[in-house]
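As a plain string of letters, each chain reads:
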Amino acid sequence: EDAKNHEVYRLAAFELVLGAREGGVGTMFMFGQTGSGKTHTMSAIEEMAANDLFEGAEPGGRDWLSVQFVELRGNRCFDLLAAAAPGAGAA
């Protein structure tokens with residue numbers, strides 16, 4: 001209820017990030033009531049994960065990472081990294 005984003009990241013996502021750096025695959029789900037702060041928290045987790053994933057990476061090195069961020073809403077799935085289609089409103 002009063003958790004800070006860095007605490008949520010450390011407890012829920014950091015081990016997934018470390019595993020990904022070693023070639024593993026991880027999945028994190030966030031769910032809860034509308035207005036409970038999921039988007040705010042997930043945005044912070046995305047930033048912290050990116051920082052940790054690229055820590056120590058060689059600039060210009062070979063491709064070694066693939067990332068997906070999706071949102072499940074109702075019976076729809078949204079790719080959060082895809083560019084919006086022309087004329088499409090916010091989902």
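Up top you'll find the structure we're talking about.
Residues numbered from 1 in each chain as written. Predicted model: local features only at pLDDT ≥ 70, side-chain atom pairs only at ≥ 80, totals over all residues. Heavy atoms only, no water.

Visitor: Can you help me understand the nonpolar core in this one?
Guide: In this structure, Y9, A13, V17, M42, I45, A49, L53 and F69 together form the largest nonpolar core, which totals 8 residues. Secondary-structure elements contributing two or more residues to this core are α1 (5-21) and α2 (38-54). The element that contributes the greatest number of residues to this core is α2, accounting for 4 residues. (Core = buried A, V, L, I, M, F, W, Y, C linked by side-chain atoms within 4.5 Å. Buried < 20%, exposed > 50% of the residue type's maximum accessible area, 1.4 Å probe, protein only. Helix = DSSP H or I, 4+ residues; strand = E, 2+ residues; numbered from the N terminus.)

Visitor: Please explain the layout of surface pockets as it appears in this structure.
Guide: If a probe the size of a water molecule is rolled over the atoms, the empty space left behind becomes visible. Of the pockets and cavities examined, the largest pocket occupies roughly 1300 Å³. Forming the boundary of the largest pocket are 39 residues, of which M28, M42, Q68, F69 and V70 lie nearest the centre. In terms of residue count, the dominant contributor to the lining of the largest pocket is α2 (10 residues). Broken down by class, the residue content of the lining of the largest pocket amounts to 22 nonpolar, 13 polar and 4 charged. There is about 310 Å³ of room inside the second largest pocket. (1 Å grid on protein atoms, 1.4 Å probe; cavity = no way out; pocket = protein on both sides within 12 Å on 5 of 7 lines; lining within 4 Å. Points joined across faces, edges and corners; volume = space filled by probe spheres on them. Nonpolar A, V, L, I, M, F, W, Y, C, P; charged D, E, K, R; others polar.)

Visitor: How should I be thinking about the pattern of salt bridges in this particular structure?
Guide: Tallied over the full model, the rule gives 1 salt bridge. R73 is the partner of E71 in a salt bridge, and the nearest nitrogen-oxygen pair spans 3.0 Å. Residue R73 is classed as partly exposed on the basis of its relative accessible area, which comes to 35%. (Salt bridge = Lys/Arg side-chain N within 4 Å of Asp/Glu carboxyl O.)

Visitor: Mind showing me how you'd approach the packing of aromatic side chains here?
Guide: Counted under the stated rule, the structure contains 1 aromatic pair. For the pair Y9 and F14, a centre-to-centre distance of 6.1 Å together with 70° between the ring planes defines the contact as edge-to-face. Given the relative accessible area of 5%, Y9 is considered buried. (Phe/Tyr/Trp six-rings, centres within 6.5 Å; stacked < 30°, edge-to-face > 60°.)

Visitor: It is not clear to me how the environment of L65 should be interpreted in this structure. Could you clarify?
Guide: Structurally, the position occupied by L65 is in the loop between α2 and β1 (70-73). For L65, a relative accessible area of 30% translates into the label partly exposed. Considering only alpha carbons, one finds L65 and G26, 39 residues apart in sequence, at a separation of 12 Å. Each residue touching L65, except ones within four places of it in the same chain, is listed here: L53 and F54. (Contact = heavy atoms within 4.5 Å.)

Visitor: Got a minute to help me understand α1 in this structure?
Guide: The α-helix winds at 3.6 residues per turn, so residues separated by three or four positions along the chain end up facing the same way. In α1, a bend of some 55° at A13 exceeds every other bend along the element. Check the buried side of α1 and you find it contacts α2. Looking at the residues trailing α1, positive phi occurs at G23, about 100°. (Bend = angle between axes of the 7 residues up to and from the residue.)

Visitor: How do you make sense of α2 when you look at a structure like this?
Guide: An ideal rise of 1.5 Å per residue puts 24 Å on 17 residues; α2 measures up with 24 Å between its terminal C-alpha atoms. Buried residues of α2: T41, M42, A44, I45, A49, D52 and L53, and no others. Mapping the buried residues of α2 onto a view down its axis gives an arc of 165°, with all of them on the same face. Of the residues in α2, the exposed ones pointing more than 90 degrees away from the buried face are T39, H40 and E47. Those residues of α2 that are buried lie in contact with α1. Immediately beyond the C-terminal end of α2, within one or two residues, lies G56, with a positive phi of roughly 85°. (Expected span 1.5 Å × (residues − 1). Arc of directions from axis to C-beta.)

Purely geometric numbers; function is a separate question.
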